[in-house]
Amino acid sequence: MAIRNRFGFPDLGLGLGLRSVHYSTILEQHPPVDFFEILTENYLDTEGRPVWIVDQVAAHYPVVMHGVSLNLGTADPLDRAYLAKVKALAERVKARWLGDHVCFTGVAGKNSHDLLPVPYDETTLKHLVRRTKQVQEILERPLVLENPSTYVTFKQSTMHEAEFIGRLANEADCGLLLDVNNIYVSCRNHGWEPDEYLAHVPFDRVTQIHIAGHTDKGTHCVDTHSKPVIERVWEIYAEAERRTGGRSTILEWDDDIPSFEVTFAELQKAAPFKNAGKAPGRRAPKRPARTKVVA
Amino acid sequence: MRAAPASVDALQRWFQAAVMHPGGAEVAAEARAIRRLLPARAQRLEDLLLPSARMNARERLDVYASSYFLRLRDVLKLDFAGVAHALGDDAFDDLMREYVTRRPSTSFNLNDYGADVPGFIARKSRVRAVDQRRAFLAELATLERAVEEVFHAPQAAPVALERLQSIPPDRWTDAVFSTIPALRVFQFSFPVNGYLQAVIDKQAPSVPPRMATWTAVYRKGWKPWRARLSREQYLLLLALMRGRPLGAAIAAVVRTGSRGDSKAARERKAEAIFGQLGAWFQEWTAEGIFREIRV
């Protein structure tokens, strides 16, 4: 049964993360992508071509914003100058919503340019809830926060990542961006089960879904966004679509990016799951038997 | 009994310092400076992070630590492809490791992260390969950095050729030419512009001998361009960029390097410049480097 999105955000369909190697195809051919997700920071602090590009894209397609530098979890004060720029960009491109990650990116004034993990405990939860509320007040809209891929486990964590993020969403009253590839990657890295993960997700908070590929290093998986989506991730996506009844879905591809045609074809693989999620009484396409995910 | 959890700030400062340590997680785990940051009475890294089924805690932390340097190096390699070619992979990595270690990013904006690279090469780097050709590398980095700057500089509508042609001949010396924000001019002691072009053209150039050169870097439309200038062109543009009227700018060009010249020699020099002015200004206006002409 479909669960209504708490904020009333629409299902925009199947979209792509906007990447510079595809600019010319997108601007010249206007391919039938339902919407684009822009990486927020690529269009801040520039008055050159990136801004011109994003204006053109926003004129033809719905746009959502996805940031990597909000630094929500940091112990540092909020960067209000950054937030002002984010807000201005959101207004400029008429972003349907904007989000970032459950993580910190730096502390003591430094920036790692990575999504660094936080422990899943009550202290950190309280900190993140307070900060999320503050950011939402400043931006005057709900945030859509993504579950990160993580590679370490803090000894002081007291709850499952999905429980932590679910509680954060409920207590801060924000949306969630469910990255189903990150679910797979983190499950591999921590020895969790995707089903167990999904059981904790408050699906009424899920506004958007990410699909992507990753790199399997044998000992662990890395969220590289450099390959096609694997079968097991499609299964998790299908389950998320089934439970939500359909959410705006973005394919991310950031490294070894193929041609637009190949990227678009990969995105289209999501269509059967999406239609299955939307049409009452129809079952999701049959997938191969699940394989256990182990660390 | 569970130990008291580390504070958000203390845990993040330790984690970030360990990730940013140039020696990687294994070295960071033993480094005195990092151990001093261990929070909540932790004695060792393993008191804070848990192993997975296939990786120990240090290996798990190293997923973040190893990608930290590689990510920033890759960003800088895109911005400084000429410097990377001149140094070769190993020496460039050494330079970047030194830069990343001593100049950690403090901004969300990665476009600006390389802003200090030219000065760092000129004055700070202790990498032996840099020391052997420091002046050349610093100039090359300055040129490459300028390309990045003009790419993101504010856009300004250039004046049309008709505006130039509308200036009455008797008012030329009073004319003030405002240049676009996306213009930089340089005097180099090496032919770095030709070297950079040869790198871009994959001609595998060698480091050239000293030779004075003058270069303009500007944006036309949305694309950065590099143009060779004569010494007189460089001096004239420099004076115009400082807001001098054309007559005063030409006088400044004539004066520069003319100490000891006779009055007649200076007049000949001025006449030679006047003789070329029409062609220069036609070209510069066509290239869009003036945003306003005030008479």
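For every chain, the first residue of the written sequence is number 1, and numbering continues from 1 onward in sequence order. Whichever chain is written first becomes A and whichever ligand is written first becomes 1, with later ones labelled in order. Selection of residues for local features in this predicted model requires a pLDDT of at least 70, selection of side-chain atom pairs for listing and counting requires 80 or more, and totals for whole chains, interfaces and linings are taken over all residues. Computation of side-chain values covers all heavy atoms of the structure but excludes hydrogens and water.

Draft legend 1. Fine view of the overall build of chain A. A tally of helices and strands in chain A yields 10 helices and 11 strands. Only C-alpha atoms enter the radius of gyration, while the globule expectation follows 2.2 Å times N to the 0.38, with N the number of residues. Taken over the C-alpha trace, chain A has a radius of gyration of 18 Å; the compact-globule value for 295 residues is 19 Å, and the two agree within 12%. Across its three principal axes, chain A shows a C-alpha extent of roughly 50 × 50 × 35 Å. Per-residue burial for chain A yields a buried fraction of 62% across its 295 residues. Every residue pair with non-hydrogen atoms within 4.5 Å of one another is taken to be in contact. Summarising the internal contacts of chain A: among those between residues at least 6 apart in sequence, 80% fall at separations of at least 24. Computed with the Shrake-Rupley method and a 1.4 Å probe, the accessible areas treat only the protein chains shown as cover for residues. When the accessible area of chain A is evaluated, it comes to approximately 11,000 Å², of which 50% is carbon and sulfur surface. Asp and Glu count as negative and Lys and Arg as positive, but His and the ends of the chain are not part of the count. Throughout, a charge is located at the NZ atom of Lys, the CZ atom of Arg, the CG atom of Asp or the CD atom of Glu. For chain A, the separation between the mean place of its 35 positive charges and that of its 39 negative charges on side chains is 4 Å. Going along the chain from the N terminus, every DSSP run of H or I of four or more residues is numbered as a helix, and every run of E of two or more is numbered as a strand. Think of it in three bands: residues with accessible area under 20% of the maximum for their type are buried, residues over 50% are exposed, and the middle band is partly exposed, with areas taken using a 1.4 Å probe on protein chains only.

Draft legend 2. Structural detail: the packing of aromatic side chains. Note on aromatic contacts: the rings of Phe and Tyr and the six-membered ring of Trp form a pair at centre separations within 6.5 Å, being stacked when their planes are under 30 degrees apart, edge-to-face when over 60 apart, and tilted otherwise. Following the criterion strictly, the structure yields 29 aromatic pairs over all chains and no others. Ring geometry for A:Trp234 against A:Phe273: centres 5.5 Å apart, planes inclined by 20 degrees, an arrangement best described as stacked. One end of the pair, A:Trp234, is in helix H8 (residues 231-244); the other, A:Phe273, is in helix H10 (residues 271-278), and 39 residues separate them in sequence. Across this residue pair, the class does not change: A:Trp234 and A:Phe273 are buried. For the ring pair B:Phe136 and B:Phe190, a centre distance of 5.5 Å and an interplane angle of 75 degrees mean the geometry is edge-to-face. Here B:Phe190 lies in the loop between strand S3 (183-188) and helix H11 (192-200) and B:Phe136 lies in helix H9 (residues 134-152), a separation of 54 residues in the sequence. Through successive ring pairs, a cluster of aromatic residues spans A:Phe104, A:Tyr151, A:Phe154, B:Trp14, B:Phe15 and B:Tyr64.

Draft legend 3. How the structure looks around helix H5 (residues 161-172) of chain A. Multiplying one less than the number of residues by 1.5 Å gives the expected span of a helix. Between the first and last C-alpha of H5(A) there are 16 Å, a value that for 12 residues agrees with the 16 Å anticipated at 1.5 Å per step. Those residues of H5(A) that are buried are in contact with helix H4 (122-139), strand S5 (143-146), strand S7 (175-179), helix H6 (180-190) and helix H7 (194-200) of chain A.

Draft legend 4. How the structure looks around unusual backbone geometry. Positive phi is not limited to glycine here, since A:Asp256 has a value of about 50 degrees. In this model, B:Ala204 sits at a positive phi of 50 degrees, which is unusual for a non-glycine residue. Positionally, B:Ala204 belongs in the loop between H11 and strand S4 (213-220).

Draft legend 5. Examining the pattern of salt bridges more closely. Residues and elements named next belong to chain B. For this analysis, a salt bridge means a side-chain nitrogen from Lys or Arg found within 4 Å of a carboxyl oxygen belonging to Asp or Glu. Under the definition given, this model contains 36 salt bridges over all chains. A salt bridge links Glu287 to Lys220, with the nearest nitrogen and oxygen atoms 3.2 Å apart. Here Lys220 lies in strand S4 and Glu287 lies in the loop between helix H14 (263-286) and strand S6 (290-294), a separation of 67 residues in the sequence. Lys220 sits in the partly exposed class, given a relative accessible area of 36%. Put simply, Glu26, Glu30, Arg35, Arg44, Glu46 and Arg58 are held in one network by salt bridges that share partners.

Draft legend 6. Expanded view of the nonpolar core. Definition used in this section: a nonpolar core is a set of buried Ala, Val, Leu, Ile, Met, Phe, Trp, Tyr and Cys residues joined via side-chain atoms within 4.5 Å. In terms of nonpolar packing, the biggest core is built from 182 residues, with A:Leu178, B:Phe15, B:Leu49, B:Val83, B:Phe177, B:Leu236 and B:Phe281 touching the most fellow members. Per element, the largest residue contribution to this core is nine residues, and it comes from helix H4 (residues 57-79) of chain B. Counting residues in hydrophobic clusters, the runner-up holds eight residues, among them A:Val64, A:Trp97, A:Leu177 and A:Ile250.

Draft legend 7. Molecular detail of the confidence of the model for chain B. You can read pLDDT as the predictor saying how much it trusts each residue, on a scale of 0 to 100. Within chain B, residue pLDDT values average 94, and 99% of them lie at 70 or more. Across the interface, the model reports ipTM at 0.92; the global pTM reads 0.91.

Draft legend 8. Just the pairing of strand S8 (residues 206-212) of chain A, in detail. All names here are of chain A. Where burial is concerned, most of S8 is hidden: seven out of the seven residues are buried. Bridge count for S7 against S8 is four bridges, and the pairing is parallel. Among the inter-strand pairings, Leu178 is bridged to a residue of S8, identified as Ile209. In this analysis, strands are considered paired if DSSP registers two or more bridges between them. Here five bridges tie S8 to strand S11 (residues 248-252), and the two strands are oriented parallel to one another. Bridge pairing in S11 links Gln208 to Ser248.

Draft legend 9. Layout of the interface of chain A and chain B. Tallying the contact residues gives 52 residues for chain A and 42 residues for chain B. When two parts are brought into contact, each loses some accessible area as probed by a 1.4 Å sphere; the total of that loss over both is the buried area. Of the roughly 4,100 Å² buried between chain A and chain B, counting both surfaces, carbon and sulfur atoms make up 61%. Taken together, chain A and chain B are joined by one salt bridge. The salt bridge involving A:Asp114 is made with B:Arg71; its shortest N-O contact spans 3.3 Å.

Draft legend 10. Representation of the sheet that holds S3(B) within the structure. Residue and element names in this part refer to chain B. Spatially, three strands are ordered S3-S4-S5 in an open sheet, and the strand pairing comes out antiparallel. Where the open sheet ends on each side, the last strands, each with one partner, are S3 and strand S5 (223-229). Sheet twist, expressed as the mean angle between neighbouring strand axes with direction ignored, is 20 degrees. Where H11 meets the sheet, it contacts S3, S4 and S5, and its direction lies at approximately 135 degrees from that of S5. The convention used is that axes are lines fitted to C-alpha atoms, helices contributing only their stretch in contact, and that angles between N-to-C directions extend from 0 to 180 degrees.

Draft legend 11. Focus on helix H12 (residues 231-241) of chain B. Residues and elements named next belong to chain B. Taking burial as the measure, the 11 residues of H12 include eight buried ones, the bulk of the element. Within the sequence span of H12, burial applies to Gln233, Tyr234, Leu235, Leu236, Leu237, Leu238, Ala239 and Leu240. The first or second residue beyond H12 is Gly243, which carries a positive phi of 90 degrees.

Draft legend 12. Summary view of the side chain of A:Thr215. All names here are of chain A. Note on placement: Thr215 falls in strand S9 (residues 215-216). Classification of Thr215 as buried rests on a relative accessible area of 16%. Within polar-contact distance, the side chain of Thr215 engages the side chain of Ser226 at 3.5 Å. Under the rule applied, a polar contact is a pair of N or O atoms within 3.5 Å (in protein, one hydrogen donor and one hydrogen acceptor; residues adjacent in sequence only if both atoms are side-chain atoms).

Draft legend 13. Geometry of the side chain of A:Gln156. Residues and elements named next belong to chain A. Mapped onto the fold, Gln156 is located in the loop between strand S6 (153-154) and H5. Exposure remark for Gln156: the relative accessible area of 12% places this residue in the buried category. A polar contact of 2.9 Å, which involves the side chain of Gln156, links it to the side chain of Asp121.

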